[in-house]
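Residue strings, one per chain:
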Amino acid sequence: DTTLKYGDSLEISFTAGSCVSTSGAVPTGKIKLELVRLRNKGDYIKAFRPTTSNSNLLETGGAFLIRVTKDGKDLVLAPGAIIKIRFSDTEDTKNNLQVFNGLENNPLPTAGIDTAFTWNRDADTSLVKTFQKSSNQGPGTGLLIKGYEMIVKNLRWTAAERFIDSTRPKTKITTILPLTFTNKNTVVFAVFTDQKTVVNLRGDYPSRSFAARNIPVGSKLKIVTISRIGNDLYLGTKDVTDV
């Protein structure tokens, strides 16, 4: 029964006895809580957590990694336990977001990035609640804060997201880079301009290119490539005004 508040923009509440060991035992003493928060599109790139559910595109309001450990061992949520997160967004709130859980590779890679990661919609498809309140801290005191109240039933990755409009025609986009840049040293993303959506273009070995499907025709986006060759890092960007 603890609520932790991080300024005006984030609070997280745990019910008593909600975090247990994999055997179901309630720990005593101190535990360690780690929170990783993804707020903007750059955060999703840095964490390599594209906003896709398998090959379906998502729009996100924000995501979190919630990890609770005792003596270095991960705890899990007890049956029926929940975590409540209230957080502000960098954009206007949307009324039809749902909870999505991150599906990670098992076992997790010991090095590098989890390229098998995807988001799956929670079994509880209730809409995420929104809220408005006045800021009571800092130079922004009195300003209106808009955000979400999300009920979480799993630890580790969770997000407030929605499937993008499925009625628009879709197409495939392909990025071709110089032969030096391959799927072994390069990642490619399509970052949507008008919504918080980040898509990973996967390497296609036969064509020596990177591609993604289900991109709505007419989308405005920026292609971002990040490469490492030796000790040198390379960043490439290209604006696409009408897919």
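In what follows, the structure referred to is the one given above.
All values derive from a computational prediction rather than experimental measurement. (Residues numbered from 1 in each chain as written. Predicted model: local features only at pLDDT ≥ 70, side-chain atom pairs only at ≥ 80, totals over all residues. Heavy atoms only, no water.)

Peer 1: What is the right way to look at the overall build of the protein in this model?
Peer 2: Per the secondary structure count, the protein includes one helix and 20 strands. Against the 2.2 N^0.38 benchmark of 18 Å for 243 residues, the protein shows a C-alpha radius of gyration of 20 Å, consistent with a compact globule. Across its three principal axes, the protein shows a C-alpha extent of roughly 55 × 40 × 35 Å. Put simply, the protein has 243 residues, and 40% of those count as buried. In the protein, the proportion of contacts linking residues at least 24 apart, taken out of those at least 6 apart, comes to 70%. Of the roughly 13500 Å² that the protein leaves accessible, carbon and sulfur atoms contribute 50%. Within the protein, the 23 negative side-chain charges are centred at a point lying 2 Å from the centre of the 33 positive side-chain charges. (Helix = DSSP H or I, 4+ residues; strand = E, 2+ residues; numbered from the N terminus. Rg over C-alpha atoms; globule rule 2.2 N^0.38 Å. Buried < 20%, exposed > 50% of the residue type's maximum accessible area, 1.4 Å probe, protein only. Contact = heavy atoms within 4.5 Å. Areas by Shrake-Rupley, 256 points an atom, 1.4 Å probe, with all protein chains shown as cover. Lys, Arg positive; Asp, Glu negative; His and termini not counted. Charge placed at Lys NZ, Arg CZ, Asp CG, Glu CD.)

Peer 1: Before we go on, may I ask you to explain the sheet that holds strand E12 (residues 129–134) in this structure?
Peer 2: Backbone hydrogen bonds are what pair the strands of a sheet, in a parallel or an antiparallel way. Across the sheet, which stays open at both edges, the five strands sit in the order E1-E2-E9-E13-E12 with antiparallel pairing between neighbours. Edge positions in the open sheet fall to strand E1 (2–6) and E12, since each of these has one partner strand only. Taking each pair of neighbouring strands and ignoring which way they run, the sheet shows an average axis angle of 20 degrees. For E12 and strand E13 (residues 144–152), the ladder comprises six bridges, and the chain directions are antiparallel. In the strand pairing of E13, Thr 130 is matched with Tyr 148. (Pairing = 2+ DSSP bridges. Axes fitted to C-alpha atoms, helices over the stretch in contact; angles between N-to-C directions.)

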